[in-house]
Amino acid sequence: MLSLFFIDEVAKYREYDAEGNPQKGVYAQLFEDEYRYWARHPDYQSLFKELDMAHAAEDVHNGYFSIDKKKVGGKTVEVLKDTNGSTKADDDTYNLIMRDKERLLDLATPLKFIFSHSALREGWDNPNVFQICTLRDIRTERERRQSIGRGLRLCVDKNGERVQGFDTNTLTVIANESYEAFADGLQKELEDPTTGIGIRFGVVAPDQFAAIAVAAEDGSVAPLGVEQSRALRAALQEQGYLASTGKVEDALRTAIKEGAVQLPEAYEPHRDAVVAILRKLAGRLEIKDADKRRDAIPVRRAVLDSPEFKALWDRIKHKTTYRVQFDNDKLIEDCIEAVKESPRIAKARLQWRKAGLAIGQAGVQATEQKGASIVSLDETDIELPDILTDLQDRTQLTRRSIQRILAESRRLDDFKRNPQQFIEQTAEAINRCKRLALVDGIKYRRIGDGAYYAQELFQENELRGYIGNMLMNTEKAVYEHVVYDSDVERDFATELERNEAIKVYAKLPGWFKVPTPLGTYNPDWAVLVIGEDGQERLYFVVESKGGLFNDALRPIEEGKIKCGKAHFQSLAVGEPAAKYIVERSVEGLLSRI
């Protein structure tokens with residue numbers, strides 16, 4: 001892991017005495033002093049013990065500058081200068097940085113911090129730069145773009161293999177105001193097609209899903225195709241996930257984060273591939289301001305230790321287990337209806353397209369040409385697969401139940417038209433009905449007095465967030481700042497703070513989970529309300545997602561909310577017990593009193 005410092009003048013890093021002997025400049029002295037201080041700090045003992053404690057502070061940094069020969073103190077010496085590092089002198093540092101870049105990846109190499117004036121703009125390329133600090137004005141757009149480019153490369157491990165993923169490939173820029181403005185301008189430049197780059201961050205193209213592989217019954221694989229890709233894109237736009245231009249909306253980012261992306265049933269068999277593409281496009285090249293990222297948000301002890309919050313927590317803290325009961329006949333009827341109402345299945349089709357490719361200074365440009373056509377495939381003579389066995393493997397229902405579902409749904413003609421798509425669509429419809437049937441018959445039971453979420457977990461589990469998604473300096477919440485995920489949550493927290501009827505509350509953290517057949521569920525809020533007489537205490541767990549009516553929720557989300565209600569009903573601890581409700585506003589919450 002390398003860090004780069006771009007400094008305003010070489011003399012501040014390395015200077016020379018009257019005899020021409022090199023001396024440490026002010027930047028080098030400051031660096032070594034700070035390095036020794038943090039090397040002794042308790043928070044970084046493990047890091048320095050494993051990597052750097054065997055090396056002195058002066059070994060971990062060096063300068064990369066051009067060299068000039070000058071007369072100093074009556075003798076000729078090589079003096080570092082503010083140019084481009086193209087001379088043959090200072091070979092050790094130059095070779096290590098420029099030619100022996102692989103050595104910098106070795107943990108045994110102490111050099112981790114590089115100071116430069118401008119030389120790294122020319123010919124230097126090392127992928128493992130994670131920090132850039134600018135201690136100088138970078139005057140031109142070209143200089144700024146080249147400088148930040150030092151850190152915009154996929155890093156490599158000690159074997160030279162590229163490491164994928166944003167968790168690892170994150171560049172931290174310690175910048176002055178003009179550099180922050182450049183970073184914003186850099187992203188706009190990359191997105192601007194007039195620059196010749198034209199990267200479209202966060203835009204779903206009409207043919208974005210065309211290459212998704214669709215397996216046929218005979219084992220062959222064909223792409224989904226442009227027509228189906230356009231249809232899927234249109235459905236995502238109708239869902240509110242995409243703008244008319246294809247730009248990703250926050251609704252899609254939220255759905256991806258919650259694992260709740262809603263797709264047309266015809267595309268459910270390809271959910272993993274579709275969501276993987278959307279996940280890549282939903283994230284944009286964000287250059288986050290580290291100054292706006294809070295360290296661990298402290299708890300507010302006055303709230304956490306208060307008897308009011310303890311009373312609230314005691315009513316909701318216990319863990320549960322569940323069992324399910326369902327009516328088998330009703331499940332089969334629901335499956336029949338779901339298969340009957342599934343989208344129509346068309347014949348398999350083959351699409352031909354032609355395009356010309358032109359490679360020039362503007363990049364690679366593709367222009368579609370005449371000759372595109374669509375051909376329907378006649379598969380009436382193919383051997384049909386064993387649909388009962390296939391669906392039994394996918395759904396775990398009995399062959400008798402599957403036979404009834406297929407017969408009474410009256411959709412077997414679709415099976416002949418496109419066997420693979422029909423099997424995938426039918427299996428998903430049946431499994432969806434199974435999941436919802438489990439929710440309808442779920443019963444929760446408290447595990448025991450010893451199984452609960454301890455109040456101390458608020459202190460032990462760090463909460464972090466960015467100021468842009470944080471309600472600051474709250475007074476009634478468990479944490480000093482409330483981290484929210486949506487505008488609805490922000491408004492809800494603001495109302496909680498302002499309303500005098502609210503005594504204490506908590507935005508329930510991610511570790512507070514309710515088990516469900518659909519996956520774990522994390523409710524939004526725990527709230528203590530004071531009655532109009534000033535004495536009565538009313539306890540609520542509030543889910544602020546969704547709309548006024550249940551049909552505004554996705555089936556899985558609605559199912560988890562039903563499970564949440566059953567979970568808290570089983571925790572009738574104390575009088576009054578905590579009540580679970582779904583409300584988007586504090587006004588709606590208080591109307592339940």
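Residues numbered from 1 in each chain as written. Predicted model: local features only at pLDDT ≥ 70, side-chain atom pairs only at ≥ 80, totals over all residues. Heavy atoms only, no water.

1. As for helix α6 (residues 226-238)
What counts is decided by this rule: For helices the rule is a DSSP run of H or I covering at least 4 residues; for strands it is a run of E covering at least 2, with both sets numbered from the N terminus onward. For a helix, the expected span equals 1.5 Å multiplied by the residue count minus one. With a 1.4 Å probe rolled over the protein chains alone, any residue whose accessible area is under 20% of its type maximum counts as buried; one over 50% counts as exposed, and the rest are partly exposed.
Across its 13 residues, α6 extends 18 Å between first and last C-alpha, which sits within 8% of the 18 Å expected from 1.5 Å per residue. When we look at burial in α6, the residues that qualify are V226, S229, L232, R233, A235 and L236.

2. Some points on the sheet that holds strand β22 (residues 537-543)
Definition in use: One requirement defines pairing of two strands: DSSP has to find at least two bridges between them. Between N-to-C directions, angles span 0 to 180 degrees; the directions come from axes that are lines fitted to C-alpha atoms, helices contributing only their stretch in contact.
Strands sit in the order β20-β21-β22-β23 across an open sheet of four strands; the sheet is mixed. If you trace the sheet from one side to the other, it starts and ends with β20 (502-507) and β23 (579-582), each paired once. In this sheet, neighbouring strand axes are inclined to one another by 25° on average, regardless of whether the strands run parallel or antiparallel. Where strand β21 (residues 525-530) and β22 come together, six bridges link them in antiparallel fashion. The partner of W525 across the bridge, within β22, is V542.

3. Considering the packing of helix α15 (residues 419-440) against helix α18 (residues 555-569)
How we decide: Here the word oblique covers every angle except those under 35 degrees (roughly parallel), over 145 (roughly antiparallel) and from 65 to 115 (roughly perpendicular). Crossing handedness is read from the near helix: turned anticlockwise from the far helix by less than a right angle, it gives a left-handed crossing, and turned clockwise, a right-handed one. Note on contacts: a residue pair is in contact if any heavy atoms of the two residues lie within 4.5 Å. Each residue is assigned to one of three groups, with Ala, Val, Leu, Ile, Met, Phe, Trp, Tyr, Cys and Pro labelled nonpolar, Asp, Glu, Lys and Arg labelled charged, and all others, Gly among them, labelled polar.
Here α15 crosses α18 at 20°, and the two axes come no closer than 9 Å. It follows that α15 is roughly parallel to α18 by the angle criterion. With respect to the hand of their crossing, α15 and α18 are arranged in left-handed fashion. Taking contact as the criterion, the partners of L436, V439 and D440 in α15 are, on α18, P555, G559, K562 and C563. Of the residues contributing to the contact of α15 with α18, the split by class is four nonpolar, one polar and two charged.

4. Quick word on the side chain of S306
With respect to the secondary-structure elements, S306 resides in the loop between α9 (301-304) and α10 (307-316). In this structure S306 touches R301 and V504, once residues within four positions along its chain are discounted.

5. With respect to the pattern of salt bridges
Heads up, the rule is: By salt bridge we mean one thing: a side-chain nitrogen of Lys or Arg within 4 Å of a carboxyl oxygen of Asp or Glu.
With the rule as written, the count across this model stands at 26 salt bridges. Its salt-bridge partner being R253, residue D250 comes within 3.0 Å of it at the nearest N-O pair. Of this pair, D250 and R253 both sit in helix α7 (residues 250-258), separated by three residues, roughly a single helical turn. Look at D250 and you get exposed, because its relative accessible area is 55%. One salt bridge connects D491 with R490, and the closest N-O pair in it is separated by 3.2 Å. A residue is classified by how much of its surface remains accessible, and D491, at 36% relative accessible area, is partly exposed. Among the residues examined, R490 registers a relative accessible area of 30% and is labelled partly exposed. Members of the salt-bridge network, linked through shared partners, are K24, E32, D33, R36 and E58.

6. Section: the packing of helix α11 (residues 328-340) against α15
It is at 9 Å that the axes of α11 and α15 come closest, and there the two elements cross at 140°. Here α15 runs oblique to α11, going by the angle between their axes. Our pair here, α11 against α15, has a crossing hand that is right-handed. Of the residues in α15, those in contact with L331, D334, C335, A338 and V339 of α11 are T426, A429, I430, R432, C433, K434 and A437. Split into classes, the residues belonging to the contact of α11 with α15 amount to eight nonpolar, one polar and three charged.

7. Some words on the nonpolar core
As a reminder, the rule being used: Working definition of a nonpolar core: buried Ala, Val, Leu, Ile, Met, Phe, Trp, Tyr and Cys residues. They are joined through side-chain atoms within 4.5 Å.
Formed by 37 residues in total, the largest nonpolar core has its most connected members in F309, W313, I316, F458 and F512. Among the secondary structure elements, those contributing two or more residues to this core are α9, α10, β16 (442-446), β20, β21, β22 and α18. If near-sequence neighbours (up to four positions away) are discounted, F458 is found in contact with V299, L304, F309, W313, V478, Y479, P509 and W511.

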